[in-house]
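Overview (structure and organization)
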Amino acid sequence: MGEKYRKGHHAVLNKGEENEMEIFGYQTEGCRKTLCIAGYVFSCGILPLVFYWRPAWSVWANCVPCTLREADVILLRTTDEFQIYSRKKVTWIYLSSLNGSVSLTPDHPVIADEDYVINRAIIRPDLKVRCIQVQKIRYVWNNSEEQFQKVGCLEDGFTAAKIHLKFGSGLTREEQEIRRLICGPNAIDVEITPIWKLLIKEVLNPFYVFQLFSVCLWFSEDYKEYAVAIIIMSIISITLTVYDLREQSIKIHRLVESHNSILVTVCRRKAGIEALESRYLVPGDLLSLSGNKIQMPCDAILIDGGCVVNESMLTGESIPVIKTALPKVGDTVPWKLCGREDFRRHILFCGTEVLQTKSAGSGTVKAVVLQTGFNTAKGDLVRSILYPKPMNFRLYRDAVRFLMCLIGTATIGMVYTICVYVLSGEPAEEVVKKALDVITIVVPPALPAALTTGIIYAQRRLKNKGIFCISPQRVNICGQLNLICFDKTGTLTKDGLDLWGVVPSDKNGFQEVHSFTSGSTLPWGPLCGAMASCHSLIVLDGTIQGDPLDVKMFEATNWEIENSGIDFHVRGAPAGATIVKPSQATCQIPVEGIAILHQFPFSSVLQRMSVIVQELGGNRMAFMKGAPERVVSFCHPDTVPSNFASELQNYTIQGFRVIGLAYKRLEINHHITAWIREKVESDLTFLGLLILENCLKEETKPVLEELTSANIRTVMVTGDNLQTAVTVAKKSGMIAESLRVILIEANEADGSSPASVTWKLLEDRKHAGYRDQILMNATVFARMSPGQKSKLVEEFQKLDYFVGMCGDGANDCGALKMAHAGISLSEQEASVASPFTSKTPNIECVPHLIKEGRAALVTSFCMFKYMALYSMIQYIGVLLLYWKTNSLSNYQFLFQDLAITTIIGITMSLNAAYPKLVPYRPLGRLVSPPLLSSVFLNMLFSLAMHLLGFILVREQPWYSATDVFSACSLPKGNISRTATSPMISGKVSPDSFMSYENTTVWFLGTINCLIVALVFSKGKPFRQPIYTNYIFVLVLAVQMGTCIFLLFANIPDLYQRMDLACTPTLWRVYLVIMLAVNLILSLIVEEAIIENRALWLIIKRSFGFQSKSQYRKWQSVVASDQAWPPLNQTSYSERLESASGVSYSNPVFESHEETP
């Protein structure tokens, strides 16, 4: 806009979030609107069409800037590199509409509480609320803070104590009605878009509008055949697109359909319990949960009791998750920060299934509604599908620039045409038609459709290999991938774990390994108790369910699990406590069983879990299980063996997964709720190490070797132990056995201690400065949380890598969405947001995807080059004929456009991907020296050939500008010389295009189109050779045969229909020679120069070309740094303030790398 934002006119919506936007206030002005309406009429609908494509222009034309408080129109602009504008109308919500059910006054106590955003949004005394709806989320104007704020969720600033106090008894009927009106229904409504809406939206695409312009022009020139052909192709294209969009709309609708009609039980303050449909829920409602297998219709905070939840919808992993109640802490910290535990442990997410409920007493489990509708976890997933992140792949931006160049070329041709025809005294109507014709010649309407054929064919081939794509444009991006991040467990290794053994520990150090392979049970003791009880397993439908690690550990004890009965009474213990007991197969166990009284669930952030248990009729204890390094940090040093580090390394270096176990005795007279996690998890006694084996998948090593040989960097991103991950990386070939491995341990800032990075050789950033060097050299990133995985992918993208992410969906959803190409090996609902999903649960899909991406990318370039050359060939030929105020006839155009180019466009892209990955990538840019050189040189060859033919034909002794029958004497009877024949006098009719120049130019141009199709149909190293594309070879052979037949045939009726003049056989031979020379030159240039990678590398080095990719620059820095890598040292960060001015750009879908 270029204007200075005056106070109150501009603000930022969702600051710091993924969907951050800038908003600007505008007010509609009557005079401006009147002028715009007049413009709509006088422009014959062109102006509203432009405003439809550019909503910002519509706002700037109709409105004047104002403060957001006064605005009736809001202009939104994304803050990413795309800068996409959208327009929203400010609407009003009137509380007076509730007067039938709720009697409200400006000072009513229900709306007087300023703690709530919805109350601060109510304008008094009118009792109305201003709001806007953006991407399915409602925002209301907060009058006190002068900004738009999201509604449909509880305020983040509430403390845990306040949530219990304000919502622990439920909402009153008046509060529910007001919230329901302002927040909207608790529904994820995705309507099945009507076909007519999809049709209008597709037809108003600029591409189809240009086609409509072209078709109208062709009909006015009686070029009906090709116009009808384009209409038919457009109808087919639109129908297929509308069908796909409609099917996708139906799928998303079915995904959320059941969510909106769930019957729930709500506790109302002063009114008791009430059953109602879930769509009527509002933030703050108190849900009463009872029974099993409950579908959650909203996000809710558990405040009383506990739950076991299946969160596969969110994580892609069908492992039951324990949810605990939000504690009633009385501090002033917001509830999400009130404890060291992940706050998600207290949230029941929308779309998840509550498998079991466990009440704290005799009552039911209770939860406060946190978020409703599209604010929920499931709503966010659906919104990510409805509003996907736009792509900024360099290819598409270059394509737009190239089209602009073609339009510029067309403009020059239009000026030339107007000058020639005006000077020739042609009628104005004819001048306009001929000038507009130039645009449809230079910018062929079939260009966008031709460019997508390669992607369509690649998608079909991927589907045949069990790889499904929801974002077709990303197929081309896969051709540029040069770094792949892999999750470890379930992706590189098998899902299941085998229990190898346990290493007990006592004061004397580690004991001999107890192996479970012999079938012998572990003797009773704290170690056996820890294995039997320190887990989150449940019994569901008669089977034990939970984390595979927990299942293997528990099964090794030969104990049984059950829920406690009514007669079970332990002071402070929940009535439905889980009981584990020795089975009949076990012997000499002195305890009847163990009751699991309380759990501190496992967290990937904390890397541990703990339980409080009590032996039936005996002692109360706490057990801990987790990452060995974390567990020993909570143990009394005297109980940790002195050789702990070496023993741990001994197993991790062999690739075992190692779990640490510890315990402590607790006082039995304390109530369970009196024990806080920090107190329980202190001064523990170390018990030993649990050793599990995780085997590589058979496909892992060959695939990684294939990627490495193709110079595609592979990285492991895992939440597991670093030593274990390194061993898996070595076994898989990700790290060569001969390489030295340096362990880098990064520690976050903690209190007064600054963040630090420690370097150590496996065998025996000064502050932020080492960050990029680590990213450039590290192969294994261990102990990574899901959020850190996403951040790592983003950091790689900042270095201009094209990043692929392959995971099983369990903890990788964020990284899968963030990557240029996310490949999910899980078909769970959580993987819906991933661009690619593989039915085969191994990483074989990765090289398949890269091969097809490379083939599709090269196909796009081939088609772009061909369509550009085809249009320029026609352009050159037509402009030469315009010089004689002549042109190609409709049938000549039709033959080139339909019989040649359209069929080539359909079949040229059928080449399959080459089966081997070569160690370099195809070009990623249209505006690159090799590609531009190819187009420019072939255009020069065509221009030279056309000019030569145009000039030479006029120099021939048989040439006549008026008599097109002077060149050959036709046999008698071949042409009827009746009075109705236009050729009776050897002259042509004024409407005929027949001339020697026309015939020469047409033959040269038509066969030249076949030549460039042959030359540009690139095979190895990214696509299969041209001879494997049997359909294309057959089409090319038939087309060439037809053209040669037309050239040498003497069929007067056919020549007359095609407006071709008969020429001597020798001249036809000359044309073949010119075309043959053009073919030879094009092949030599394409093979010896354009496709000569070694030559381009020499040229780059000669001119001192330096790659603009950040990772290339850092490779040079690291290579020249003699002190890299630092060993046996710890680097500490500087004060945080020193980095306050540092910012990084994130070109998510862009790389400046020049690859020959």
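In the annotation of an unreviewed UniProt entry, the chain is listed under the name Cation-transporting ATPase and assigned to Phascolarctos cinereus. Per its UniProt entry, the chain bears the Subcellular location (unreviewed entry) comment "Membrane".

**Re the overall build of the chain**
On a plain count of helices and strands, the chain comes out with 34 helices and 41 strands. Within the chain, the proportion of its 1156 residues that are buried is 53%. Surface accessibility of the chain: about 50,900 Å² in total, with carbon and sulfur atoms responsible for 58%.

**Brief notes about the packing of helix α26 (residues 845-882) against helix α29 (residues 996-1016)**
Two elements in contact, α26 and α29, have axes separated by 10 Å at closest approach and are oriented at 170°. Between α26 and α29, the crossing angle belongs to the class labelled roughly antiparallel. Of α29, the residues touching α26 (which contributes C862, K865, Y866, L869, Y870, I873, G877 and L881) are E997, N998, V1001, G1005, N1008, C1009, V1012, A1013 and F1016. Looking at side-chain class alone, the contact of α26 with α29 contains eleven nonpolar, four polar and two charged residues.

**What about the pattern of salt bridges?**
Evaluation of the coordinates by the stated rule reveals 23 salt bridges. Notably, a salt bridge pairs E145 with R120, separated by 3.7 Å at the nearest N-O pair. One end of the pair, E145, is in the loop between β8 (137-142) and β9 (147-150); the other, R120, is in helix α4 (residues 117-120), and 25 residues separate them in sequence. Under the relative-accessibility criterion, E145 is labelled partly exposed at 41%. R677 serves as the salt-bridge partner of E681, at 2.9 Å between the closest nitrogen and oxygen. Grouping residues by exposure puts E681 and R677 together as buried. The network of salt bridges with shared partners includes R461, K465 and E852.

**Considerations on the environment of L597**
Along the chain, L597 turns up in strand β29 (residues 594-603). Taking the C-alpha atoms as reference points, L597 and T578, separated by 19 residues in sequence, lie 7.4 Å from one another.

**Overview of the sheet that holds strand β17 (residues 347-348)**
In spatial order, the strands read β11-β10-β12-β19-β14-β17; together these six strands make up an open sheet with antiparallel pairing. Two strands in the sheet have a free side with no partner beyond their single neighbour: β11 (272-277) and β17. Here strand β10 (residues 263-268) pairs with strand β12 (residues 286-289) via two bridges, running antiparallel. Looking at the pairing, C267 lines up with L286 of β12.

**Side note on the confidence of the model for the chain**
On average, the chain scores 81 in pLDDT, and the residues at 70 or more come to 86%. A low-confidence stretch, residues 764-769 stays under pLDDT 50, and its non-local contacts, those more than four residues away or across chains, total eleven contacts.

**Some points on the sheet that holds strand β34 (residues 713-717)**
Ordered by their spatial adjacency, seven strands build an open sheet running β20-β40-β39-β38-β21-β34-β37, and the pairing between neighbours is mixed. Strands at the two margins of the open sheet, each flanked by one partner only, are β20 (467-469) and β37 (780-781). Both β34 and β37 contribute to a ladder of two bridges, which runs parallel. Bridging from a neighbouring strand, V717 pairs with F781 of β37.

**Concerning helix α21 (residues 700-709)**
All of the buried residues along α21 are T700, V703, L704 and L707. The buried residues of α21 occupy an angular sector of 95° when projected down its axis, which confines them to one face. Directly after α21, the chain includes N711, whose backbone phi takes a positive value near 60°.

**Here's the deal with the nonpolar core**
If you look at the biggest cluster of nonpolar residues, it comprises 90 residues, and the most contacted ones within it are Y866, I900, I904, M908, W1002 and F1003. Counting residues per element, this core draws most heavily on α26, which supplies 20 residues. Two domains share this core, each providing at least three of its residues, namely domain 2 (195-258) and domain 5 (858-963 + 993-1119). Look past the residues within four positions of M908 in its chain and what remains in contact with it is C862, M863, Y866, A1013, F1016, S1017, R1023, N1029 and F1032.

**Some thoughts on the environment of V728**
Following the sequence through the fold, V728 ends up in helix α22 (residues 722-732). Along the sequence, V728 and Q654 sit 74 residues apart, while their C-alpha atoms lie 8.5 Å from each other. Sequence-distant contacts of V728, that is, excluding residues within four places in its chain, are made with K488, T493, L696 and M716.

**Notes on the packing of aromatic side chains**
Within this structure, the stated rule accounts for 27 aromatic pairs. On the basis of an interplanar angle of 85° and a centroid distance of 6.0 Å, the ring pair of F781 and F796 is categorised as edge-to-face. Of the two residues, F781 sits in strand β37 while F796 sits in helix α24 (residues 786-798), which places them 15 residues apart along the sequence. The buried category is assigned to F796, whose relative accessible area is 0%. Linked through ring pairs, W958, Y959, Y996, W1067 and Y1070 together constitute an aromatic cluster.

**Let's talk about unusual backbone geometry**
A cis amide bond links R124 with the next residue in sequence, P125, at an omega value of 5°. With respect to the helices and strands, the residue P125 is situated in the loop between α4 and β7 (128-134). Of note, the bond from K1020 into P1021 is cis; its omega dihedral lies within 30 degrees of zero at 10°. Here P1021 shows up in the loop between α29 and α30 (1030-1048). Phi is positive for Q135, which is not a glycine, with a value near 50°. In this structure, Q135 sits in the loop between β7 and β8. On the accessibility criterion, Q135 (24% relative accessible area) is partly exposed. One non-glycine residue, D800, adopts positive backbone phi at about 70°. Residue placement: D800 occurs in the loop between α24 and β38 (803-807).

**Structural notes on the side chain of T859**
Topologically, T859 is positioned in helix α26. Take T859: its relative accessible area is 2%, and that puts it in the buried class. Sequence-distant contacts of T859, that is, excluding residues within four places in its chain, are made with G454, S909 and R1023.

**Quick word on the pairing of strand β15 (residues 306-310)**
Each regular strand carries side chains that alternate between the two faces of the sheet. In terms of burial, β15 is largely enclosed, as five of its five residues are buried. The two faces of β15 match: G306, V308 and N310 on one face and C307 and V309 on the other face are all buried.

**Quick notes on a nonpolar patch on the surface**
A cluster of nonpolar side chains, I1044, F1048, L1066, V1069, Y1070, V1072, I1073, V1077 and L1081, forms an exposed patch at the surface whose accessible area comes to about 690 Å². Counting residues per element, the ones that place at least two in the nonpolar patch are α30 and α32 (1065-1090). For the nonpolar patch, the leading source of residues is α32, giving seven residues. As for its position among the elements, L1066 is in helix α32. Judged by its relative accessible area of 51%, L1066 is exposed.

Cut-offs applied
- Residues numbered from 1 in each chain as written.
- Predicted model: local features only at pLDDT ≥ 70, side-chain atom pairs only at ≥ 80, totals over all residues.
- Heavy atoms only, no water.
- UniProt positions renumbered as here; feature names shortened; annotations may be inferred.
- Helix = DSSP H or I, 4+ residues; strand = E, 2+ residues; numbered from the N terminus.
- Buried < 20%, exposed > 50% of the residue type's maximum accessible area, 1.4 Å probe, protein only.
- Areas by Shrake-Rupley, 256 points an atom, 1.4 Å probe, with all protein chains shown as cover.
- Axes fitted to C-alpha atoms, helices over the stretch in contact; angles between N-to-C directions.
- Parallel < 35°, antiparallel > 145°, perpendicular 65-115°, else oblique.
- Contact = heavy atoms within 4.5 Å.
- Nonpolar A, V, L, I, M, F, W, Y, C, P; charged D, E, K, R; others polar.
- Salt bridge = Lys/Arg side-chain N within 4 Å of Asp/Glu carboxyl O.
- Pairing = 2+ DSSP bridges.
- pLDDT = per-residue confidence, 0-100.
- Arc of directions from axis to C-beta.
- Core = buried A, V, L, I, M, F, W, Y, C linked by side-chain atoms within 4.5 Å.
- Domains from an automatic or database assignment.
- Phe/Tyr/Trp six-rings, centres within 6.5 Å; stacked < 30°, edge-to-face > 60°.
- Patch = residues over 30% accessible without salt bridge, like charges linked within 9 Å, V, L, I, M, F, W, Y side chains within 5 Å.

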